[in-house]
Amino acid sequence: MKRFLIFSLAAIFASSLFAQNVLPQTFLGLTIGKTPKSEVSSILKSQGFELVAQEDVNATTAQYIFSGTYKHEGVEFHTIVTSFLSDTLFIFCLQDSCGADRVAEVSGTLQTNLEKKYGRLETADSTLLFMMLKDSADRCGVETWSRMDEHTMLISIKSEAKVTCMYVDWDLYFNMMMKSLMQLSEALNDLPDYKEENKVYGVAGVKFGDDMATVRRVIAAKSLKLDVTEMIN
């Protein structure tokens, strides 16, 4: 039963490993899944970008925000949000705070170009990472769109006055999740034999019998401790 649980969770994380690899992974000299955190600031600063915010969440996660101009898929973005797992670039996120009067026009340009290039790819809607982000997006009342290939997720977000386009390294996320699952498996194998007084009614803040929305909300707040608020609002 324990092994079935682990493999079932792995299947959720690994949704669609056979899609063709067509999404870009390198931007401004940075490659998601490869470029170390120590090189990101110097590479972007050398191209005129300014580091405006830096947050090292813990030993394995961090987020750096840069200001500057970068034209991508027909849209001029003025903010770059870089997120890290295990000191490696995990998410490359582009944002433009274009104002409510222009957000429809800018978002329309972005979506037209993304659909033309990547619309035939499988959506990433069923992946755990996108579910977590979409829960946050839904609470903020913003629109999301996603596609994925063998190694990368592409997610675009439209809010009241901001347009966001992000690329996520799927391999790095999957490997991190598998490592966590292995640690969970080892912990389960070390559990003592069942006794009624040790009965468990929930895990990680989730109670058995909770509905899907509640589970997503609770897990999203804990998973990897990555703050996606900056990428949505």
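Residues numbered from 1 in each chain as written. Predicted model: local features only at pLDDT ≥ 70, side-chain atom pairs only at ≥ 80, totals over all residues. Heavy atoms only, no water.

This part takes up the packing of aromatic side chains. Geometry of an aromatic ring pair is reported as the spacing of the ring centres plus the angle between the planes. Within this structure, the stated rule accounts for four aromatic pairs. On the basis of an interplanar angle of 5 degrees and a centroid distance of 4.7 Å, the ring pair of Phe 27 and Phe 92 is categorised as stacked. With Phe 27 in strand S1 (residues 26-27) and Phe 92 in strand S6 (residues 88-96), this pair connects stretches of sequence that are 65 residues apart. The burial state of Phe 27 is the same as that of Phe 92; both residues are buried. Ring geometry for Phe 27 versus Tyr 167: centroids 4.6 Å apart, planes at 40 degrees, classification tilted. Of the two residues, Phe 27 is situated in strand S1 and Tyr 167 in strand S9 (residues 163-169); the sequence distance between them amounts to 140 residues. For the residue pair Phe 27 and Tyr 167, the accessibility class agrees, reading buried in each case. Pairwise contacts between aromatic rings join Phe 27, Tyr 70, Phe 92 and Tyr 167 into one cluster. (Phe/Tyr/Trp six-rings, centres within 6.5 Å; stacked < 30°, edge-to-face > 60°. Helix = DSSP H or I, 4+ residues; strand = E, 2+ residues; numbered from the N terminus. Buried < 20%, exposed > 50% of the residue type's maximum accessible area, 1.4 Å probe, protein only.)

Turning next to the sheet that holds S9. Read across the sheet, seven strands follow the order S3-S4-S5-S6-S9-S8-S7 without closing on themselves; strand pairing throughout is antiparallel. Across the chains shown, the open sheet's two edge strands, defined by having one partner strand only, are strand S3 (50-56) and strand S7 (143-148). Neighbour-to-neighbour, the strand axes of the sheet open up by a mean angle of 20 degrees, direction not taken into account. Helix-sheet contacts for helix H2 (residues 37-45) involve S3, strand S4 (61-72) and strand S5 (75-85), and the interaxial angle to S4 is about 25 degrees. (Pairing = 2+ DSSP bridges. Axes fitted to C-alpha atoms, helices over the stretch in contact; angles between N-to-C directions. Contact = heavy atoms within 4.5 Å.)

What follows is about unusual backbone geometry. In the Ramachandran plot, Leu 28 falls in the positive-phi region, its phi being about 55 degrees despite a non-glycine side chain. Among the secondary structure elements, Leu 28 is positioned in the loop between S1 and strand S2 (30-31). Unusually for a residue other than glycine, Asp 87 sits at a positive phi of about 65 degrees. For Asp 87, a relative accessible area of 39% translates into the label partly exposed.

In regular strands, side chains alternate between the two faces of the sheet. Strand direction decides the pairing type here: S3 and S4, joined by six bridges, are antiparallel. In the strand pairing of S4, Gln 54 is matched with Tyr 64. Turn length for the S3-S4 hairpin, with the two strands adjacent in sequence and antiparallel, is four residues. Here S4 pairs with S5 via ten bridges, running antiparallel.

With that settled, consider helix H3 (residues 103-118). Two residues of an α-helix separated by three or four positions point the same way, owing to the 3.6 residues in each turn. Given a rise of 1.5 Å per residue, 16 residues ought to cover 22 Å, and the 21 Å separating the end C-alpha atoms of H3 matches this to within 8%. Three or more residues of H3 are buried, namely Val 103, Val 106, Ser 107, Leu 110, Gln 111, Leu 114 and Tyr 118. Summarising the axial view, the buried residues of H3 lie within an arc of 125 degrees, below the 170-degree limit, and thus occupy one face. Exposed residues pointing more than 90 degrees away from the buried face of H3 are listed as Glu 105 and Lys 116. (Expected span 1.5 Å × (residues − 1). Arc of directions from axis to C-beta.)

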